[in-house]
Amino acid sequence: MTRRLLATCAALLLVGSGAQAGEFSPGTGSGTTTYTAPERGPVTITQSVSTDLVAATVIACAGTAGEGTTDNWFLRRFFLTEDHAIVGSFTTTTVEIGVQELIIPDGGTFSIDVSVYSIPNGDPFLFDNLTLLATANVELAEGSLYYIEPIALDATISDPAMFDLVVEIFAPNAQDRTISFRPGGNPGGETQPTYLAAPDCSIPDPTPVGDIGFPDANLFMVVNGTEDTGTPVEEISWSNVKT
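Note on numbering: residues in each chain are counted from 1, in written sequence order. Under the rules for a predicted model, residues below a pLDDT of 70 receive no local features and side-chain atom pairs below 80 are neither given nor counted, while totals for whole chains, interfaces and linings still include all residues. To obtain the side-chain values, all non-hydrogen atoms of the structure were included, while hydrogens and water were left out.

### Re the state of the cysteines
Disulfides are defined in this document as cysteine sulfur pairs within 2.5 Å. Within this structure, the stated rule accounts for one disulfide. Between cysteine 61 and cysteine 201 runs a disulfide, and the two sulfur atoms are separated by 2.1 Å. Handedness of the cysteine 61-cysteine 201 disulfide follows from its S-S torsion of about 85 degrees: it is right-handed. In this pair, cysteine 61 sits in strand S5 (residues 60-62) while cysteine 201 sits in the loop between strand S16 (195-198) and strand S17 (203-208), placing the two residues 140 residues apart along the sequence. Secondary structure elements are defined from DSSP: runs of H or I of at least 4 residues count as helices, runs of E of at least 2 residues count as strands, and each element is numbered from the N terminus.

### Here we look at the pattern of salt bridges
Side-chain pairs of opposite charge can arise where the charged atoms are in close proximity. A carboxyl oxygen of Asp or Glu within 4 Å of a side-chain nitrogen of Lys or Arg is what we treat as a salt bridge. Tallied over the full model, the rule gives four salt bridges. Arginine 77 serves as the salt-bridge partner of aspartate 164, at 2.9 Å between the closest nitrogen and oxygen. In this pair, aspartate 164 is assigned in strand S13 (residues 163-171) and arginine 77 in strand S6 (residues 72-78), connecting sequence segments 87 residues apart. Each residue is assigned to one of three classes by its accessible area relative to the maximum for its type, calculated with a 1.4 Å probe on protein chains only: buried under 20%, partly exposed between the two thresholds, exposed over 50%. Under the relative-accessibility criterion, aspartate 164 is labelled buried at 0%. Among the ionic pairs, arginine 177 bridges to aspartate 106, the shortest N-O distance being 2.7 Å. Placement of arginine 177 in the loop between S13 and strand S14 (180-183) and of aspartate 106 in the loop between strand S8 (98-103) and strand S9 (110-120) is noted, with a sequence separation of 71 residues between them.

### Overview of the packing of aromatic side chains
Aromatic ring pairs are reported here in terms of the distance separating the ring centres and the angle at which the planes meet. Geometry of aromatic contacts follows a simple scheme: Phe, Tyr and Trp rings, the Trp one being its six-membered ring, pair when their centres are within 6.5 Å, and the pair is stacked under 30 degrees between planes, edge-to-face over 60, tilted otherwise. A full pass over the atoms with the stated rule returns six aromatic pairs. Ring geometry for phenylalanine 74 and phenylalanine 181: centres 6.5 Å apart, planes at 75 degrees, overall edge-to-face. Linking phenylalanine 74 in strand S6 with phenylalanine 181 in strand S14, this pair joins segments that are 107 residues apart in sequence. The class for phenylalanine 74 is buried, based on a relative accessible area of 2%. Across the ring face of phenylalanine 125, the terminal group of arginine 77 is positioned such that the distance to the ring centre comes to 5.6 Å. Only when the NZ of Lys or the CZ of Arg is both within 6 Å of the ring centre and within 35 degrees of the ring normal is a charge said to sit over the ring.

### A look at the sheet that holds strand S3 (residues 43-46)
Taken together, four strands build an open sheet; the order of strands is S3-S19-S7-S12 and the sheet is antiparallel. Two strands bound the open sheet, and with one partner strand each, they are S3 and strand S12 (151-157). Pairs of neighbouring strands in the sheet enclose a mean axial angle of 30 degrees, with direction left out of account. For two strands to count as paired, DSSP must find a minimum of two bridges between them. As defined by bridge partners, strand S7 (residues 89-96) adjoins S12 across five bridges and the pair is classed as antiparallel. Looking at S12, one finds that phenylalanine 90 is bridged to isoleucine 157. To get an axis, fit a line to the C-alpha atoms, keeping to the stretch in contact for a helix; angles then go from 0 to 180 degrees between the N-to-C directions.

### Some points on unusual backbone geometry
Phi is positive for leucine 145, close to 50 degrees, though the residue is something other than glycine. Of the residues examined, leucine 145 reaches a relative accessible area of 13% and is grouped as buried. Here the phi dihedral of serine 202 falls at roughly 65 degrees; this positive angle occurs in a residue that is not glycine. By secondary structure assignment, the location of serine 202 is in the loop between S16 and S17.

Okay, here's the thing in structure tokens:
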């Protein structure tokens, strides 16, 4: 059995026995928020069929008695050439995500990290195979079903045929403040899986949420950027060409 499958089996067994530090849950509440997209760059990619945010959809590893959420990594892997026909160097400009639920009992704020990585095309989706390209810390206020202002992230995948793009949302353990966080999503479908890692729920590496019993927990995410398609011959300044 693979490492990922072993971890998944262990998580399911522990959830059933109550013997682990946390368990997966989709949060509380009800309702739907519809997205009004901001002005975007020349290239926009997404795996989200719907851009709505729907309550009680995206799961997170949390304490078993309302202690708040533990360390959670929410990820998407973009196959730039295969799925999005991007063949030139691709540079991200902004990432769009939302908040499904953020409960802060002490009334303060909560910070998450949004990061961009590269991973060799064909490599297993493991943290050890990721190369960090850019990261941004985002401070959030309590609320539910709201969209975050586009997050600026400047990262370049020079060869999309050889490397995939990974975007990650990391929400740190906030049980000392009984904070509960889940990013926005919906059950409207996706073209590639949503991945989750949560060591306290026995999922140490990115694993499709469908593999742990939550196929409708589809993370909302949009990536904006630019593609370098090369300089047309007619735009080359021949005075700078060395012979």
